[in-house]
Amino acid sequence: MSSMQINSGGIPPAQQSYYTEKTAPKTEAVSPASQTETTQQNVRPATIFSASTEKDKGLMDRMKEAQEKAEELKKKLERLKVRKQNYGDAPMTAYARLARARTQADVSAAAGYARRCIAQFQTALRQDEENAPRIQAAINQLQKAVRRAGKKKRDLQNESLLESKRKRSAEQKDRKKAVRLRHELKRRQAARLVREHGYLREAEVDNRMQSYLAMSRAELRAQAQALGEATGLSPEAAVQSYTSAALAADAAPVPAAAPEVSLDIQA
């Protein structure tokens, strides 16, 4: 009995150490590579979000730039459209409509067309400075057309009154008065037709004159530009120097004529 030593706890030391190892929590060593991978996984969503945000910003900037370019192109096309327009056609069209008008409603429609063209040309006057004189001439002709349309409405009203008087005289069997009113009505209508034909002819002549003046201005502008390129000056400075030189030449005193010497040799 003395040779057998019994542990006070009832469990041998070897078994006690075994149970201790079994019940103790296991702590695994974390390698640096796994730590780096975990950090990358945490950082990756933020990186993806920032990249998508930058991509959206770049897309919005490109869309805004494309929209600005489209608007600029639209403005250029509008300016080209205005420049290509023949400004002298509108007054001739207005006068042609006025000449074809047979009622006061037709005259009002022709006057409305002239007013719309005036509003359009006033806008073009601010955009197309190169053709400003021709646009202003067309506006003046259209304003005349509006005033003449008002006169034609009054003439048609007076002619309608004359026609009513003629019919009343015919009903009353006043033949002389009816014939006189009919002749007066025809005379006024003939005078109005001649006057309207003159309006149309006036617009045509003015259109040709404005075309000739526009060609002259374009030729002078080209000459001034060529002179500026040759002298190294801007076209405006070249035109100013040319004008000053022409004025100086006109203001230069004319040399007095030499006195006539007559030799009368008598034999």
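Structural data are supplied above this passage.
Residues numbered from 1 in each chain as written. Predicted model: local features only at pLDDT ≥ 70, side-chain atom pairs only at ≥ 80, totals over all residues. Heavy atoms only, no water.

1. Examining the side chain of R134
Reasoning step 1: Following the sequence through the fold, R134 ends up in helix α5 (residues 132–171).
Reasoning step 2: Look at R134: it is buried, it has no salt bridge, and the nearest opposite charge is D89 at 6.6 Å.
Reasoning step 3: Every residue in contact with R134, bar those within four places of it in the chain, is listed here: N86, Y87, G88, N207, Q210, S211, A214 and R217. (Helix = DSSP H or I, 4+ residues; strand = E, 2+ residues; numbered from the N terminus. Buried < 20%, exposed > 50% of the residue type's maximum accessible area, 1.4 Å probe, protein only. Lys, Arg positive; Asp, Glu negative; His and termini not counted. Salt bridge = Lys/Arg side-chain N within 4 Å of Asp/Glu carboxyl O. Contact = heavy atoms within 4.5 Å.)

2. A word on the packing of aromatic side chains
Reasoning step 1: Tallying each qualifying case throughout the model produces two aromatic pairs.
Reasoning step 2: An angle of 80° between the planes, with centres 5.4 Å apart, marks the rings of Y87 and F121 as edge-to-face. Taken together, the positions of Y87 in the loop between α2 (32–84) and α3 (89–100) and F121 in helix α4 (residues 104–127) put the pair 34 residues apart, joining distant regions of the chain. As far as the burial class goes, Y87 and F121 line up, both buried.
Reasoning step 3: On the basis of an interplanar angle of 45° and a centroid distance of 6.0 Å, the ring pair of Y95 and Y199 is categorised as tilted. With a gap of 104 residues between them, Y95 in helix α3 and Y199 in helix α6 (residues 175–231) connect regions that are remote in the sequence.
Reasoning step 4: By relative accessible area, which is 2% here, Y95 ends up buried. (Phe/Tyr/Trp six-rings, centres within 6.5 Å; stacked < 30°, edge-to-face > 60°.)

3. A closer look at a positive patch on the surface
Reasoning step 1: Taken together, the side chains of K165, R168, K177 and R180 present a region of like positive charge at the surface.
Reasoning step 2: Broken down by secondary-structure element, the contributors of at least two residues to the positive patch are α5 and α6.
Reasoning step 3: As for its placement among the helices and strands, K165 is situated in helix α5.
Reasoning step 4: A relative accessible area of 44% means that K165 is categorised as partly exposed. (Patch = residues over 30% accessible without salt bridge, like charges linked within 9 Å, V, L, I, M, F, W, Y side chains within 5 Å. Areas by Shrake-Rupley, 256 points an atom, 1.4 Å probe, with all protein chains shown as cover. Charge placed at Lys NZ, Arg CZ, Asp CG, Glu CD.)

4. Here's the deal with the packing of α3 against α6
Reasoning step 1: Where α3 meets α6, the closest approach of the two axes is 9 Å, and the angle between their N-to-C directions is 170°. When the axes of α3 and α6 are compared, the pair comes out roughly antiparallel. Of the residues in α6, those touching α3 at D89, M92, Y95, A96, L98 and A99 are E196, Y199, L200, A203, E204 and N207.
Reasoning step 2: Of the residues belonging to the contact of α3 with α6, the class tally is eight nonpolar, one polar and three charged. (Axes fitted to C-alpha atoms, helices over the stretch in contact; angles between N-to-C directions. Parallel < 35°, antiparallel > 145°, perpendicular 65-115°, else oblique. Nonpolar A, V, L, I, M, F, W, Y, C, P; charged D, E, K, R; others polar.)

5. Considering a nonpolar patch on the surface
Reasoning step 1: Taken together, the side chains of V205, M209, Y212 and L213 define a hydrophobic patch exposed on the protein surface, amounting to about 390 Å² of accessible area.
Reasoning step 2: Checked against the element boundaries, V205 lands in helix α6.
Reasoning step 3: The exposure class of V205 is partly exposed, given its relative accessible area of 39%.

6. So, unusual backbone geometry
Reasoning step 1: A positive phi angle is found at K173, which is not glycine, with a value near 60°.
Reasoning step 2: Residue position: K173 is located in the loop between α5 and α6.
Reasoning step 3: For K173, a relative accessible area of 76% corresponds to the exposed category.

7. Notes on the pattern of salt bridges
Reasoning step 1: A full pass over the atoms with the stated rule returns 13 salt bridges.
Reasoning step 2: When the shortest N-O distance is used, the salt bridge between K69 and E65 registers 3.7 Å. Within this pair, K69 and its partner E65 are both found in helix α2, separated by four residues, close to a single helical turn.
Reasoning step 3: Since its relative accessible area comes to 42%, E65 is described here as partly exposed.
Reasoning step 4: With a closest N to O distance of 2.6 Å, R187 and E184 form a salt bridge. One end of the pair, R187, and the other, E184, are both in helix α6, three residues apart, so they sit about a helical turn from each other.
Reasoning step 5: Assessed through its relative accessible area of 24%, E184 is described here as partly exposed.
Reasoning step 6: Each member of the salt-bridge network shares a partner with another, and the members are K152, E159, R192 and E196.

8. Looking at α4
Because each turn of an α-helix spans 3.6 residues, side chains separated by three or four positions in sequence point in the same direction.
Reasoning step 1: Taking 1.5 Å of rise per residue, 24 residues should cover 34 Å, and α4 covers 35 Å from first to last C-alpha, within 8% of that figure.
Reasoning step 2: Listing the buried residues of α4 in full gives V107, A110, A111, G112, Y113, A114, C117, I118, F121 and A124. (Expected span 1.5 Å × (residues − 1).)

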